Amino acid sequence: MYRYLATGGTFVALSLYFARGESTVRKIIRETTVIIWNVLKDIHMPVPTQDQFKHIADRFELLWNLPNCIGALDGKHIRIEKFPHTGSENFNYKHFHSTVLMACCDAGGLFAIIEPGFAGRNSDGGIFKACAMNYWMTHGGSNIPSPSSLRHDESNTPFPYYFVGDEAFPLSRNLLRPYSSRTLDNTKRIFNYRLSRGRKSIECVFSMAEEKFAVLNGPIRCRDPTTVNDIIKSACILHNFVRKREGIEYRPHDTAQMDETAEVPTNIRVRDMSIHEGSSATTLRNYLANYFLSPRTSLPWQWKFAVPERNTE
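These remarks concern the structure in this document. Note that the coordinates shown come from a computational prediction; the quantities given were computed from them, not determined experimentally.

**Quick look at the overall build of the chain**
A count of helical and extended segments in the chain gives 10 helices and 7 strands. Computed over C-alpha atoms, the radius of gyration of the chain comes to 22 Å, within 12% of the 20 Å expected from 2.2 N^0.38 for 313 residues, which places it in the range of a compact globule. Across the 313 residues of the chain, 48% fall into the buried class. Restricting the contact set of the chain to residue pairs at least 6 apart, pairs at least 24 apart contribute 66%. Surface summary for the chain: the accessible area is close to 16,000 Å², and the carbon and sulfur share equals 49%. The average position of the 38 basic charges and that of the 32 acidic charges among the side chains of the chain differ by 5 Å.

**Side note on the packing of aromatic side chains**
Overall, the coordinates contain 12 aromatic pairs when judged by the stated rule. Here Phe 128 and Phe 169 contribute two aromatic rings whose centre-to-centre distance is 5.4 Å and whose plane-to-plane angle is 75°, an arrangement assigned as edge-to-face. Residue Phe 128 is found in helix H5 (residues 124-130), and its partner Phe 169 is found in the loop between strand S6 (162-164) and strand S7 (175-176); the two are separated by 41 residues along the sequence. Under the relative-accessibility criterion, Phe 128 is labelled buried at 2%. The exposure class assigned to Phe 169 is buried, which follows from its relative accessible area of 1%. Put simply, the rings of Tyr 179, Phe 191, Tyr 291 and Phe 292 touch in pairs and so form one group of aromatic residues. Between the NZ or CZ atom of Arg 79 and the centre of the ring of Phe 96, over which it lies, the distance is 4.0 Å. Across the ring face of Trp 64, the terminal group of Lys 200 is positioned such that the distance to the ring centre comes to 3.6 Å.

**Considering the pattern of salt bridges**
Within the structure shown, the criterion is met by 6 salt bridges. Close ionic contact of Arg 59 with Glu 249 constitutes a salt bridge, the shortest N to O distance being 3.5 Å. Taken as a pair, Arg 59 in helix H4 (residues 50-64) and Glu 249 in the loop between helix H8 (225-246) and helix H9 (281-291) lie far apart in primary sequence, 190 residues in all. What makes Arg 59 buried here is its relative accessible area of 17%. In this structure, the salt-bridge partner of Glu 81 is Arg 223, at a minimum N-O distance of 3.9 Å. In this pair, Glu 81 sits in the loop between strand S1 (69-79) and strand S2 (98-105) while Arg 223 sits in the loop between helix H7 (186-212) and H8, placing the two residues 142 residues apart along the sequence. Salt bridges here are not isolated pairs; linked through shared partners, they connect Glu 81, Arg 221 and Arg 223.

**Some thoughts on the sheet that holds strand S3 (residues 111-119)**
Judged by pairing direction, the sheet is mixed, and its 5 strands sit side by side in the order S3-S2-S1-S6-S7 without closing on themselves. Only two strands of the sheet have a single partner each, and these edge strands are S3 and S7. Where S2 and S3 come together, 6 bridges link them in antiparallel fashion. Residue pairing across strands places Thr 99 opposite Ala 119, the latter belonging to S3.

**Quick look at the nonpolar core**
In this structure, Tyr 4, Phe 111, Phe 163, Val 215, Ile 220 and Leu 288 are the most contacted members of the largest nonpolar core, which totals 86 residues. The element that contributes the greatest number of residues to this core is H7, accounting for 9 residues. Apart from the residues within four sequence positions on either side, Tyr 4 is in contact with Gly 9, Phe 11, Leu 14, Ile 29, Val 215, Ile 220 and Ile 231.

Quick notes on the rules
- Residues numbered from 1 in each chain as written.
- Predicted model: local features only at pLDDT ≥ 70, side-chain atom pairs only at ≥ 80, totals over all residues.
- Heavy atoms only, no water.
- Helix = DSSP H or I, 4+ residues; strand = E, 2+ residues; numbered from the N terminus.
- Rg over C-alpha atoms; globule rule 2.2 N^0.38 Å.
- Buried < 20%, exposed > 50% of the residue type's maximum accessible area, 1.4 Å probe, protein only.
- Contact = heavy atoms within 4.5 Å.
- Areas by Shrake-Rupley, 256 points an atom, 1.4 Å probe, with all protein chains shown as cover.
- Lys, Arg positive; Asp, Glu negative; His and termini not counted.
- Charge placed at Lys NZ, Arg CZ, Asp CG, Glu CD.
- Phe/Tyr/Trp six-rings, centres within 6.5 Å; stacked < 30°, edge-to-face > 60°.
- Lys NZ or Arg CZ within 6 Å of the ring centre and 35° of its normal.
- Salt bridge = Lys/Arg side-chain N within 4 Å of Asp/Glu carboxyl O.
- Pairing = 2+ DSSP bridges.
- Core = buried A, V, L, I, M, F, W, Y, C linked by side-chain atoms within 4.5 Å.

In structure tokens form, the structure reads like this:
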């Protein structure tokens, strides 16, 4: 079983290697993946409580300087062999058949929530609108902590806890995405840079899981969608298991050498903004973008990395 997840080989190759029938190998994998998930899910991927979400938010701020963030979202196309009678349902824009894993991670390289099994032809935004994760966030997200003030916000105005995603995701009060690249000024560039520091966590988690379990690189040569989903779920939960036991914990980097950066553009000023309980998602994003410009919250190197040289917009 573990050899299959680690190598991503075919059932035929495994049957020859272990001198067992192909149908026996298929049955073992089908049953074992279910058992792995059922045994480990409540230990290594429980539904986060409010206290756990607050701990995740503290880690995002400590590691990636992103306050009140409780997770990074993204979808991953996992290459598969075409399922019977599905036509082009799983044929994606990358020109191969895939199933999409929608996942959320914490700041330390662990999956927090996963939802596999979406047709590859759909976009991340379309999948997110249809997934249970979105419904839970919108209607039943009672575990999401109540808004709290940002650490260095002098107004002490409560700001919602939020997830972060790329431009494929919709903007909402509990899900922030970058500003469009077509309408960027320096303030928006700084926000996009700060958001990307947290958002890249999910890309790192996908990459680490692929390195451990080559089955996620595909193609998964199984024509049963349910078994494919079980294989993906078992690989994700085992990633958490291995990382918690043997992984190297993320730690804040020493940024002393990064203080020699470009000067702060003289035209950038912190605006006097306010938000309230009914503020729109756009207003909340603008408020956070403005917050990243204040002297106590701006990173010494953000101007060098995010603002183009000689840009005075």
